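# Descriptive structure summary
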Amino acid sequence: MAITGAHILMYSPEAGAVRTLLRDELGWEHVDAGDGWLIFRLPPAELGIHPGESAGHELTFICDNLTDTVRELEAKGVAFKEAPRDEGWGMVTTMVLPGDLEILLYEPRHPTAI
């Protein structure tokens, strides 16, 4: 078997604005699949499987220093839902991307696989 990667989808009524933010504010490398449809190279990733009442999935972004990352992104116009908070397993906050697309951003305190 040769699974070579994962393709993650995010949906927003302001998809073009989200693409622009990822390209310009986060500086992510990308390819243009045509007509401005950008597909982004993601940073290294890890996958954790948590117990739950029902099946589902969630996308979170990891950073090395949450305070510095929030400060830098706010200076670029990125919005956050709340101030960073300590969850024990890490420091967390929620980024609000165009179209009210919420993404958890965290600085882990647990060992990571990346």
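Scoring rules and cut-offs
- Residues numbered from 1 in each chain as written.
- Predicted model: local features only at pLDDT ≥ 70, side-chain atom pairs only at ≥ 80, totals over all residues.
- Heavy atoms only, no water.
- Patch = residues over 30% accessible without salt bridge, like charges linked within 9 Å, V, L, I, M, F, W, Y side chains within 5 Å.
- Areas by Shrake-Rupley, 256 points an atom, 1.4 Å probe, with all protein chains shown as cover.
- Salt bridge = Lys/Arg side-chain N within 4 Å of Asp/Glu carboxyl O.
- Helix = DSSP H or I, 4+ residues; strand = E, 2+ residues; numbered from the N terminus.
- Buried < 20%, exposed > 50% of the residue type's maximum accessible area, 1.4 Å probe, protein only.
- Core = buried A, V, L, I, M, F, W, Y, C linked by side-chain atoms within 4.5 Å.
- Contact = heavy atoms within 4.5 Å.
- Pairing = 2+ DSSP bridges.
- Arc of directions from axis to C-beta.

Attention now moves to a nonpolar patch on the surface. Side chains of V31, W37 and I39 sit close together on the surface and give an oily, nonpolar patch of about 300 Å² of accessible area. Structurally, I39 is set in strand β2 (residues 38-40). By relative accessible area, which is 34% here, I39 ends up partly exposed.

Attention shifts here to the nonpolar core. In terms of nonpolar packing, the biggest core is built from 18 residues, with L22, F61, V78, F80, M95, L97 and L105 touching the most fellow members. Elements with a contribution of two residues or more to this core: α1 (15-25), β2, α2 (66-75), β6 (90-97) and β7 (101-108). In contact with F61, other than residues within four places in its own chain, are W28, M95, I103, L104, L105 and Y106.

With that settled, consider the pairing of β7. As a general feature of sheets, a regular strand has side chains that alternate between the two faces. The buried count for β7 comes to six of eight residues, which makes it a mostly enclosed element. Where strand β3 (residues 60-62) meets β7, three bridges bridge the pair, whose relative direction is parallel. Residue F61 lies in a different strand from β7, and its bridge partner there is L105. Across eight bridges, β6 lies against β7 in antiparallel orientation. From the neighbouring strand, V96 faces β7, where its bridge partner is E102. With antiparallel pairing between neighbouring strands as the criterion, β6 and β7 make up a hairpin whose turn holds three residues, including G99 at a positive phi of roughly 80 degrees.

This part takes up α1. When α1 is considered as a whole, its buried residues turn out to be V18, R19, L21 and L22. Buried residues of α1, seen end-on, are gathered within an arc of 160 degrees and therefore sit on one face of the element. Here the buried face of α1 lies against β2, β6 and β7.

Here the focus is the pattern of salt bridges. Under the definition given, this model contains eight salt bridges. Measuring nitrogen to oxygen at the nearest pair gives 2.7 Å for the salt bridge that ties R23 to D24. The class of R23 is partly exposed, set by a relative accessible area of 32%. Accessibility expressed as a relative area gives 40% for D24, which makes it partly exposed.

Further remarks concern the environment of P98. With respect to the helices, strands and loops of the structure, P98 is situated in the loop between β6 and β7. In this structure the C-alpha to C-alpha distance between P98 and E53, which are 45 residues apart in sequence, comes to 30 Å. If we ignore the near neighbours within four places in the chain, the residues touching P98 are S12, E14, A17, V18 and L21.

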